[in-house]
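Each chain, written out:
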Amino acid sequence: MASVLVFIVVIMMIYAVRHVLFTLNRLFGNQRHPYLDIDCARWPLVTVFIAAHNEEKVIEGCLKALLNSNYPVSSLRIVPVNDRSSDGTRDIIDQYVSQFPGRITPFHRTSGKPGKAAALKDALVHAHGDLAIIFDADYIPGRGLLKQLIAPFFDPEVGAVMGRVVPINAGVNLLTRMLDLERSGGYQVDQQARMNLKLVPQYGGTVGGVRLSAVEASGGWHDNVLAEDTDITYRLLINGWKTIYTNRSECYEEVPEDWAVRIKQVKRWAKGHNQVLVRYWYSFIKSDYLSLRERVDGLLLLFVFVMPPLLLLGWFLAVALYFLNAGSLVSALIPVFALLAYGTMGNFAAFFEITIAVLLDGNRRRILLLPFNLLGFFISLFAISSSVASLIGDHLFKRDMVWEKTIRYRKA
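Just so we're clear, the structure is a prediction, and the values are computed from it rather than from any experiment.

S.K.: Requested: an account of the sheet that holds strand S4 (residues 131-136), with residues and values cited.
M.R.: Pairing is mixed across the open sheet formed by eight strands, whose spatial order is S3-S2-S1-S4-S7-S6-S8-S5. Strands at the two margins of the open sheet, each flanked by one partner only, are strand S3 (107-109) and strand S5 (140-141). Across three bridges, the pairing between strand S2 (residues 76-83) and S3 is parallel. Bridge pairing in S3 links Val-81 to Phe-107. Its contacts with the sheet place helix H2 (residues 59-67) against strand S1 (46-52), S2, S4 and S5, and it is angled at close to 170 degrees to S1. Packed on one face of the sheet, helix H3 (residues 89-99) meets S1, S2 and S3 and runs near 160 degrees to S2.

S.K.: Which residues make up a nonpolar patch on the surface, and what values go with them?
M.R.: Residues Val-20, Leu-24, Leu-27 and Phe-28 make up a contiguous nonpolar surface patch of roughly 380 Å² in combined accessible area. The topology assignment puts Leu-27 in helix H1 (residues 2-28). The exposure class of Leu-27 is partly exposed, given its relative accessible area of 38%.

S.K.: Go over the packing of aromatic side chains, please, and point to the residues and values.
M.R.: Considering all chains together, one arrives at seven aromatic pairs under this definition. Seen from their ring centres, Tyr-96 and Phe-100 are 6.1 Å apart, and the 15 degrees between their planes marks the pair as stacked. Arranged with centres 5.2 Å apart and planes meeting at 65 degrees, the rings of Tyr-234 and Phe-284 form a pair that is edge-to-face. With Tyr-234 in helix H8 (residues 228-238) and Phe-284 in helix H9 (residues 259-286), this pair connects stretches of sequence that are 50 residues apart. By the burial criterion, Tyr-234 is buried, and Phe-284 matches it.

S.K.: Describe the environment of Phe-22, with residues and values.
M.R.: Within the secondary structure layout, Phe-22 lies in helix H1. Considering only alpha carbons, one finds Phe-22 and Asp-190, 168 residues apart in sequence, at a separation of 6.1 Å. Setting aside anything within four residues of it in sequence, one finds Phe-22 in contact with Val-189, Asp-190, Ala-193, Arg-194, Leu-197, Leu-199, Asp-297 and Glu-353.

S.K.: Help me get a handle on H3, residues and values and all.
M.R.: Those residues of H3 that sit buried are Thr-89, Ile-92, Ile-93 and Tyr-96. The buried residues of H3 all sit within an arc of 95 degrees when viewed along its axis, so they share a single face. For H3, exposure combined with an orientation more than 90 degrees from the buried face picks out Asp-91 and Ser-98. Against the buried residues of H3 lie S1, H2, S2 and S3.

S.K.: Give a detailed account of the packing of H9 against helix H10 (residues 292-302), specifying residues and quantitative values.
M.R.: The N-to-C vectors of H9 and H10 enclose an angle of 160 degrees; their axes lie 10 Å apart at closest approach. Our classification of the angle between H9 and H10 gives roughly antiparallel. The two elements H9 and H10 cross, and the hand of that crossing is left-handed. Across the interface between the two elements, His-273, Asn-274, Val-276, Leu-277, Trp-281, Phe-284, Ile-285 and Lys-286 from H9 touch Glu-294, Arg-295, Gly-298, Leu-299, Leu-301 and Leu-302 from H10. Tallied by class, residues from the contact of H9 with H10 come to eight nonpolar, three polar and three charged.

S.K.: Explain the side chain of Gln-188 to me, using residue names and the numbers behind them.
M.R.: With respect to the helices, strands and loops of the structure, Gln-188 is situated in helix H6 (residues 174-196). The class for Gln-188 is buried, based on a relative accessible area of 5%. Within polar-contact distance, the side chain of Gln-188 engages the side chain of Arg-26 at 2.5 Å. If sequence neighbours within four positions are ignored, Gln-188 has contacts with Arg-26, Arg-164, Arg-183, Tyr-245, Asn-247, Ala-357, Leu-360 and Asp-361.

S.K.: Describe in detail H10, supporting the description with residues and values.
M.R.: Listed as buried for H10 are Glu-294, Asp-297, Gly-298, Leu-300, Leu-301 and Leu-302. In this fold, the buried residues of H10 make contact with H1, H6, H8 and H9.

S.K.: Quick rundown of the nonpolar core? Include the residues and the values.
M.R.: Grouped together as the largest cluster of nonpolar side chains are 59 residues, with contacts concentrated most on Phe-135 and Val-210. Not counting the four nearest positions on each side in its chain, Val-210 is found in contact with Asp-130, Leu-131, Ala-132, Phe-153, Gly-159, Ala-160, Tyr-203, Val-215, Trp-221 and Ile-232.

S.K.: How would you sum up the environment of Ile-133? Please name residues and give values.
M.R.: Structurally, the position occupied by Ile-133 is in strand S4. Along the sequence, Ile-133 and His-222 sit 89 residues apart, while their C-alpha atoms lie 17 Å from each other. With residues up to four places along the chain from it excluded, the contact list for Ile-133 reads Val-46, Thr-47, Val-48, Phe-49, Leu-146, Leu-149, Ile-150, Gly-208 and Gly-209.

S.K.: Explain the pattern of salt bridges residue by residue, including any values.
M.R.: One pass over the full model with this rule turns up 24 salt bridges. Residues Arg-183 and Glu-182 are paired through a salt bridge, measuring 3.6 Å at the closest nitrogen-oxygen approach. In this structure, the salt-bridge partner of Arg-235 is Asp-231, at a minimum N-O distance of 2.8 Å. One end of the pair, Arg-235, and the other, Asp-231, are both in helix H8, four residues apart, so they sit about a helical turn from each other. Accessibility assignment for this pair places Arg-235 and Asp-231 in one class, buried.

S.K.: A description of the side chain of Glu-228 should follow, citing residues and the corresponding values.
M.R.: Take Glu-228: it is sitting in helix H8. Taking the relative accessible area as the measure of exposure, Glu-228 reaches 3% and is therefore buried. Those residues in contact with Glu-228 that sit more than four places away from it in its chain are Lys-116, Ala-117, Gly-205 and Trp-221.

About the criteria used
In every chain, residue numbers begin from 1 and rise along the written sequence. Local features in a predicted model are, by the rule used here, given only for residues with pLDDT of at least 70; side-chain atom pairs are given and counted only at 80 or more, and totals for whole chains, interfaces and linings are based on all residues. Calculation of side-chain values draws on the structure's entire complement of heavy atoms; hydrogens and water are dropped beforehand. If DSSP finds at least two bridges between two strands, the strands pair. Only DSSP runs of H or I reaching four residues or more are called helices, and only runs of E reaching two or more are called strands; each is numbered from the N terminus. Throughout, a contact is declared for two residues whenever any of their heavy atoms are within 4.5 Å. Each axis is a line fitted through C-alpha atoms, and for a helix only the stretch in contact is used; angles between axes span 0 to 180 degrees, taken between their N-to-C directions. A patch consists of residues whose relative accessible area exceeds 30% and which take part in no salt bridge; residues with like charges are grouped when within 9 Å of each other, and nonpolar side chains (Val, Leu, Ile, Met, Phe, Trp, Tyr) when within 5 Å. For every accessible area listed, the method is Shrake-Rupley and the probe measures 1.4 Å; residues are considered covered only by the protein chains on display. The salt bridge definition used is simple: a Lys or Arg side-chain nitrogen within 4 Å of an Asp or Glu carboxyl oxygen. Exposed residues in this analysis have more than 50% of their type's maximum accessible area, buried residues have under 20%, and partly exposed residues fall in between, with area computed by a 1.4 Å probe over protein chains only. Stacked, tilted and edge-to-face are the three classes assigned to paired rings of Phe, Tyr and Trp, where Trp is represented by its six-membered ring and a pair needs centres within 6.5 Å; plane angles under 30 degrees give stacked, over 60 edge-to-face, the rest tilted. The arc refers to the directions leading from the helix axis to the C-beta atoms. The labels follow the angle: roughly parallel below 35 degrees, roughly antiparallel above 145, roughly perpendicular from 65 to 115, and oblique for the rest. Should the near helix be turned anticlockwise from the far one by less than a right angle, the crossing is left-handed, and should it be turned clockwise, the crossing is right-handed. Amino acid classes used here: Ala, Val, Leu, Ile, Met, Phe, Trp, Tyr, Cys and Pro are nonpolar; Asp, Glu, Lys and Arg are charged; the rest, including Gly, are polar. Contacts described as polar in this section are N or O atom pairs within 3.5 Å, which, within protein, must combine one atom able to donate a hydrogen with one able to accept it, while residues neighboring in sequence count only if both atoms come from side chains. By convention a nonpolar core is built from buried Ala, Val, Leu, Ile, Met, Phe, Trp, Tyr and Cys residues, the set being connected through side-chain atoms within 4.5 Å.

In short, geometric facts, not functional conclusions.
In structure tokens, the structure reads:
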């Protein structure tokens, strides 16, 4: 038991060192934005897919923003993917189709396998050109965002591009403010540092794009996953394609405003991410296209949703050793273990990453909310551990995956 506890402490220390390195790089390292200055070009054909299931509250905002884009109209196709909606989503889409003839090609899906990945797979028949940009319906892209996301694809080695996600409803309550901090740490520091260090930036499934020929060459679009974005990220990497993160390409989203919705969201992310871990960890290690640093960082990223149950196990072992009179060992390990565990696992953006992200964003007062992230840490810890147990149950009992849609709050 003591040996297992020591092993867990070492693992937590590795993750803590990783986050420290990312933070230091973001502060003092060279910042890579290699495609930022591309503004004038022969812009290629691109299809923008908007994933929508019962999105009457938000779909209009996304459509308006895309119609206002400065991307050449002749090279842009907008495809709202209306996946079996039972509210007014279809009517809103059709109104915009009639108002802007030729600019919007709707895909109304009335049957088929549920879930975003399956809906997008069916919608790909409407793609023109080799590039696809994907937004969730609650996202509001800026006027110049499409050009910023397309520019990296002029590099023939790029298979996927990811922009930065910024909450639009951060000021609603304590939870949204905490999630705003989490997003800042995750994108402003974590993703940008991985881009700087030529590690493994992650395609996030929205506010990003893929090269369809690269996805096809890497096995096609999979509809049997909950995290199609992580699945695509790793299959592209295994097959030699690069993923690019563009930190200055901001898009605005709604984050959950109540804990029940947040917990369901985290569980879905954890289950989908761990599905990818099980499927690809060995292929990732064996790939001939990856450097040593990419292999190490990619594996640490793959295992990030395994850390919560591992952490709970560590706490259980520490208590058990205490009652088994292993007091000297526990007293030596627990202070280090507790500090590094929170620093590593706090809402998946270490507290020092969040701190630096807040400073870089120029809003220092937000740092006063940092202690509240301990609450989010504990809730995520148990939610993710529950999701891991559920995933094991799904495998043992051959249960089908269930897609849990995130509730929208914006008024129609």
